[in-house]
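What follows is the residue order along each chain.
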Amino acid sequence: MEHLFEELRKHSESDIYPYHMPGHKRRPFGMLPGELSRIDITEIDGFDNLHQPEGILDGLQREAAGLYGAEESFYLVNGSTCGILSAVSCALPEGGHILMARNCHRSAYHGIYLRGLRATYLYPPYLEEYGIYDALEPEEVRRALEREPDIGAVLVVSPTYEGRISDIRAIADIVHERGIPLIVDEAHGAHLGLADGFPKNSCQQGADLVIHSVHKTLPALTQTALLHVNGQRIDRGLLRRFLRIYQSSSPSYLLMAGIDNALRYVGLQGQEAFGAFRQRFEAMLDRLRGCRHLRFLMDTGDRQDTGKLLIATKQSWLTGKQLYDILLRRYHLQPEMAYTGFVLAMFTVNDGEEAYRRMTEALLAIDGALEEGMAHTPEKRAEGRAAEAPGSGEYRPGAGALCGEGAGESAGHGRNRGTGRSGAIPLAKAWDMPTEQIALAESEGRYIGEFINLYPPGVPLLVPGERMTGELIGMISEAEEQGLEVQGVGRRKGAGGFLAELYVPAILEEIQGNLEHI
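Residues numbered from 1 in each chain as written. Predicted model: local features only at pLDDT ≥ 70, side-chain atom pairs only at ≥ 80, totals over all residues. Heavy atoms only, no water.

1. Overview of the pairing of strand S11 (residues 308-312)
Here comes step 1: Of all the five residues making up S11, five are buried; the element is thus mostly covered by neighbouring parts of the structure.
Here comes step 2: The two faces of S11 match: Lys308, Leu310 and Ala312 on one face and Leu309 and Ile311 on the other face are all buried.
Here comes step 3: Examined bridge by bridge, strand S10 (residues 295-296) and S11 share two bridges and lie antiparallel to one another. In the strand pairing of S11, Arg295 is matched with Ala312.
Here comes step 4: Two elements, S11 and strand S13 (residues 342-346), share five bridges in a ladder whose sense is antiparallel. The partner of Leu309 across the bridge, within S13, is Ala345. (Buried < 20%, exposed > 50% of the residue type's maximum accessible area, 1.4 Å probe, protein only. Helix = DSSP H or I, 4+ residues; strand = E, 2+ residues; numbered from the N terminus. Pairing = 2+ DSSP bridges.)

Here it is as structure tokens:
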């Protein structure tokens, strides 16, 4: 089997001169390393075309399908975003009705907007101890489909950003009883099903469309992904059409070679490498069991993804952002993300012993310092207890029950909500309505005209057309105060550069009044 890096290297060593794009002409220029420019080409003779693969790229995509247990696989160089957009767009006709997990990435909502879809949301149960949402329950999917029989496709996220894994086999069986397709955003699960001891991936469990971000959990370059298709419920010609729309017409051969290289590594060394990965991760968790104030999601079975180290701070006086800053500034460890109540660190098959040793030693040292500080500082102990109290403004990250539904309300902030329609104003209409910037503190009850989300992970707190609530105002304010990145919110600084006021885009009041009158 030909592999792309090898072919690119051979071409770079030949005497063929490039009278074609890209403009660097395979020569070093400025700060661009020559080893990159020498193998960065366009669609030239012998290197196939991603949008009509008949040669080396066709063979590599077939190899990917075999590795994951799919009938057909597509290389993606525009990330999982273009895979999700293509999947949503081809699974339903314009104006169709989709059932989707509320903790989907923003790209899924963009697909809804572009195709003018109606959405009903699924809200996962909430894990109080860790401050995250759990995997979806299959029976919740069944109940939603029974309530709304015109649903034409289902979209779920598994694993979640925090690593919670759904029973995709059970969900697929329920969805297929209705004769409709199941889409799984498995962006964080490109490593699943590739070695013993890891849960199966969604291709192996009956999903019709599965999206993998190769770069998230395998040793590949940023922006690389895969889209897999199975069964007869998806029009594959239509899928290819949308891939041509959403994917660059000049795909990077460096990125495609990165996908090939990662999958080749898995195929040749996967069992051994993944075995060592799991062993190291579980050994780290065993050592961290001694912590008294930091809490860790220890479930490493089929419900939790190996590699996601979730560090909850609710039992300490630290916020998630404070712990994040300590890890970065004092220990030079860069976590994946922070929320008000936890930090997430990611490990992959390409982490060595040093990665586990440094994180373990840092967390044990921090926990020990917390023990000493909480023993001698009464006010800190009081702060820690207050942080655990109900109604203390705890931010609930990454998901479902935060937003979305009802008779004009945003997603109901009650937990374990089940399902709900996608807001008072359909997203496909609301996002095009004129807006005005109003103070966040005065926005309760107003319909919001833009996505508001923390990044990462890019899961909307509010979708256009949903109504702001007092609870969300508190959550957004708290996240801003702690220095978390909230997208979709405007900021005006006062004297001395201090943050004076936050603004949000609200649909014009006269439009809201007309809607409420109707």
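Next comes the rest of the description.
2. Quick notes on the sheet that holds S11
Here comes step 1: Overall, antiparallel pairing links the four strands, which are arranged S10-S11-S13-S12 in an open sheet. If you trace the sheet from one side to the other, it starts and ends with S10 and strand S12 (337-338), each paired once.
Here comes step 2: For S12 and S13, the ladder comprises two bridges, and the chain directions are antiparallel. Directly across from Ala338, in S13, lies its bridge partner Val343.
Here comes step 3: Packed on one face of the sheet, helix H10 (residues 253-288) meets S10 and S11 and runs near 15° to S11.
Here comes step 4: The sheet contacts of helix H11 (residues 320-329) involve S11, S12 and S13, and relative to S13 the element is tilted by about 45°. (Contact = heavy atoms within 4.5 Å. Axes fitted to C-alpha atoms, helices over the stretch in contact; angles between N-to-C directions.)

3. Observations regarding the sheet that holds strand S18 (residues 486-487)
Here comes step 1: Taken together, the three strands give an open sheet; going across it, the order is S17-S16-S18, and neighbouring strands pair in antiparallel fashion. On the outer flanks of this sheet lie strand S17 (460-462) and S18, each paired with one strand and no other.
Here comes step 2: Pairing of strand S16 (residues 452-454) with S18, which is carried by two bridges, proceeds in the antiparallel orientation. Its bridge partner being in S18, Asn453 is matched across the sheet by Gln487.

4. Some points on the environment of Glu71
Here comes step 1: Considering the arrangement of structural elements, one finds Glu71 in the loop between helix H3 (56-68) and strand S1 (72-76).
Here comes step 2: For the pair Glu71 and Gly231, spaced 160 residues apart in the sequence, the C-alpha separation amounts to 7.7 Å.
Here comes step 3: Each residue touching Glu71, except ones within four places of it in the same chain, is listed here: Ala65, Val229, Asn230, Gly231 and Arg236.
Here comes step 4: For Glu71, the side chain forms a polar contact with the main-chain nitrogen of Gly231, separated by 3.2 Å.
Here comes step 5: At a separation of 2.4 Å, a polar atom in the side chain of Glu71 contacts the side chain of Arg236. (Polar contact = N/O pair within 3.5 Å; in protein donor to acceptor, adjacent residues only side chain to side chain.)

5. Quick word on the nonpolar core
Here comes step 1: Leu4, Leu218, Leu309, Ile452 and Met468 are the most contacted members of the largest nonpolar core, which totals 89 residues.
Here comes step 2: By residue number, the principal contributor to this core is H10, which donates 16 residues.
Here comes step 3: Those residues in contact with Leu4, other than ones at most four positions away along the chain, are Phe47, Ile56, Leu57, Leu60, Tyr253, Met256, Ala257 and Asp260.
Here comes step 4: Counting residues in hydrophobic clusters, the runner-up holds 61 residues, among them Ala70, Cys104, Cys203 and Leu238. (Core = buried A, V, L, I, M, F, W, Y, C linked by side-chain atoms within 4.5 Å.)

6. Thoughts on the packing of aromatic side chains
Here comes step 1: If you walk through the whole model with that rule in mind, you get 15 aromatic pairs.
Here comes step 2: Ring centres of Tyr109 and Phe451 lie 6.1 Å apart, and the angle between their planes is 65°; this geometry places the pair in the edge-to-face category. Within this pair, whereas Tyr109 is found in helix H5 (residues 106-115), its partner Phe451 is found in the loop between strand S15 (435-439) and S16, the two being separated by 342 residues in sequence.
Here comes step 3: A ring pair is formed by Tyr121 and Tyr123, whose centres lie 6.4 Å apart and whose planes are at 85°; its orientation type is edge-to-face.
Here comes step 4: With a relative accessible area of 2%, Tyr123 lands in the buried category.
Here comes step 5: Of the aromatic side chains, those joined through ring pairs into one cluster are Tyr109, Tyr113, Tyr121, Tyr123, Trp431 and Phe451.
Here comes step 6: Residue placement shows Arg102 over the ring face of Tyr121; its charged tip is 5.1 Å from the ring centre.
Here comes step 7: Across the ring face of Phe198, the terminal group of Arg278 is positioned such that the distance to the ring centre comes to 5.6 Å. (Phe/Tyr/Trp six-rings, centres within 6.5 Å; stacked < 30°, edge-to-face > 60°. Lys NZ or Arg CZ within 6 Å of the ring centre and 35° of its normal.)

7. Concerning H3
Here comes step 1: Along its 13 residues, H3 runs 19 Å from first to last C-alpha, staying within 8% of the 18 Å computed at 1.5 Å per residue.
Here comes step 2: Looking at H3, one finds that the buried residues are Ile56, Leu57, Gly59, Leu60, Gln61, Ala64, Ala65 and Tyr68.
Here comes step 3: In this fold, the buried residues of H3 make contact with helix H1 (4-12), S1, strand S8 (209-212), strand S9 (225-229) and H10.
Here comes step 4: Of the residues flanking the end of H3, it is Gly69, one or two places downstream, whose phi is positive at about 80°. (Expected span 1.5 Å × (residues − 1).)

8. A short note on the pattern of salt bridges
When their charged atoms lie close together, side chains carrying opposite charge are able to pair.
Here comes step 1: Enumeration over the complete set of coordinates arrives at 28 salt bridges.
Here comes step 2: Residues Arg142 and Glu177 are paired through a salt bridge, measuring 3.2 Å at the closest nitrogen-oxygen approach. Highlighted residues: Arg142 in helix H6 (residues 138-147) and Glu177 in helix H7 (residues 168-177), separated in sequence by 35 residues. (Salt bridge = Lys/Arg side-chain N within 4 Å of Asp/Glu carboxyl O.)

9. Things to note about the side chain of Asp367
Here comes step 1: Position of Asp367 relative to the elements: it lies in helix H12 (residues 353-376).
Here comes step 2: Although buried, Asp367 forms no salt bridge, and the nearest oppositely charged side chain, Arg295, lies 5.9 Å from it.
Here comes step 3: A polar contact of 2.8 Å, which involves the side chain of Asp367, links it to the backbone nitrogen of His293.
Here comes step 4: With sequence-adjacent residues up to four places away left out, Asp367 is seen in contact with Gly290, Cys291, Arg292, His293 and Leu294. (Lys, Arg positive; Asp, Glu negative; His and termini not counted.)

10. Some thoughts on H6
Since one α-helical turn is 3.6 residues long, residues separated by three or four positions face the same way.
Here comes step 1: Among the residues making up H6, those that are buried are Pro138, Glu140, Val141, Ala144 and Leu145. Taken around the axis of H6, the buried residues stretch over an arc of 160°, which confines them to a single face. (Arc of directions from axis to C-beta.)

11. Things to note about the confidence of the model for the protein chain
Here comes step 1: For the protein chain, mean pLDDT is 90; residues scoring 70 or higher make up 88% of the total.
Here comes step 2: At the level of individual helices and strands, the protein chain shows its lowest average pLDDT in helix H13 (residues 378-388), which scores 43, and its highest in S8, which scores 99.
Here comes step 3: Predicted confidence for residues 378-409 stays below pLDDT 50, and this span has 99 contacts to residues more than four positions away or in other chains. (pLDDT = per-residue confidence, 0-100.)

12. Some points on the packing of helix H4 (residues 79-91) against H5
Here comes step 1: At a minimum axis distance of 8 Å, the contact between H4 and H5 shows a crossing angle of 40°. One finds that H4 runs oblique with respect to H5. The hand of the H4/H5 crossing is right-handed. Residues Thr81, Ile84, Leu85, Val88 and Ser89 of H4 form the contact with H5, whose participating residues are Ser107, Ala108, His110, Gly111, Ile112, Leu114 and Arg115.
Here comes step 2: Its residues placed into classes, the contact of H4 with H5 shows six nonpolar, five polar and one charged. (Parallel < 35°, antiparallel > 145°, perpendicular 65-115°, else oblique. Left-handed = near helix turned anticlockwise from the far one by under 90°. Nonpolar A, V, L, I, M, F, W, Y, C, P; charged D, E, K, R; others polar.)

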